[in-house]
Structures are given as structure tokens and as C-alpha cells.
Amino acid sequence: DGDEVDIITAMDGAPIASFPELRRALERHRPGDTCRLTVWRAGRTRSVSVILDRANGPAGAARR
């Protein structure tokens, strides 16, 4: 459907409750680092690994 939204609830096991917390967590990493995200999507929790990309905008970008 394409309308799913991922809500990041943790990064590398540390809870993320707000956008500022996510920014702080991202700032502890560098481009090319692999992080483990816990996300809420479509009524269930999933764990995914992402490789961080270079900063792109206020919070940076991630790709799978």
C-alpha cells in the first residue's frame, strides 16, 4: 500500500522517545556505521539493521 510509517522506538537497544533523542543517538555515529533500529510498523515491532549515510538535512539519512 505504501502508506506504512515506521516509528523508531530504539537505536542499538537504547529507547528513543523523541526526535531530539534520535538526533543525539545519530550524532554518536559516523557515516558508514551500522546501527540496529527497533521500529513500530503496521501494528508490530521489527528490528532492522541500517547503514548510516552522510548527513542530509537536519537529522541525517539512513538507508537499508
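Read on for a plain summary of the structure. (Residues numbered from 1 in each chain as written. Predicted model: local features only at pLDDT ≥ 70, side-chain atom pairs only at ≥ 80, totals over all residues. Heavy atoms only, no water.)

### Details of the nonpolar core
In this structure, Met11, Ile16, Leu22, Ala25, Cys35, Leu37, Val39, Val48, Val50 and Leu52 together form the largest nonpolar core, which totals 10 residues. Mapped by element, the contributors of at least two residues to this core are helix 1 (19-27), strand 3 (34-41) and strand 4 (44-52). (Core = buried A, V, L, I, M, F, W, Y, C linked by side-chain atoms within 4.5 Å. Buried < 20%, exposed > 50% of the residue type's maximum accessible area, 1.4 Å probe, protein only. Helix = DSSP H or I, 4+ residues; strand = E, 2+ residues; numbered from the N terminus.)

### What to know about the pattern of salt bridges
Pairing of side chains with opposite charge becomes possible as their charged atoms draw close. Per the counting criterion, the structure on display carries two salt bridges. One salt bridge in this structure joins Arg41 and Asp6, with 2.5 Å as the shortest N-O distance. Of this pair, Arg41 sits in strand 3 while Asp6 sits in the segment before strand 1 (7-11), and the two are 35 residues apart along the sequence. (Salt bridge = Lys/Arg side-chain N within 4 Å of Asp/Glu carboxyl O.)

### Side note on the pairing of strand 3
Where strand 1 meets strand 3, four bridges bridge the pair, whose relative direction is antiparallel. Bridge pairing links Ile7 to Trp40 in strand 3. Two elements, strand 3 and strand 4, share eight bridges in a ladder whose sense is antiparallel. Each bridged residue has a counterpart across the sheet, and for Trp40 the counterpart in strand 4 is Thr45. In this structure, the hairpin formed by strand 3 and strand 4 is closed by a connection of two residues, where Ala42 is found at a positive phi of approximately 50°. (Pairing = 2+ DSSP bridges.)

### Digging into a nonpolar patch on the surface
On the surface, Val5, Ile7 and Trp40 cluster together into a nonpolar patch covering about 300 Å² of accessible area. With respect to the element layout, Trp40 can be found in strand 3. Residue classification places Trp40 among the partly exposed residues on the basis of a relative accessible area of 39%. (Patch = residues over 30% accessible without salt bridge, like charges linked within 9 Å, V, L, I, M, F, W, Y side chains within 5 Å. Areas by Shrake-Rupley, 256 points an atom, 1.4 Å probe, with all protein chains shown as cover.)

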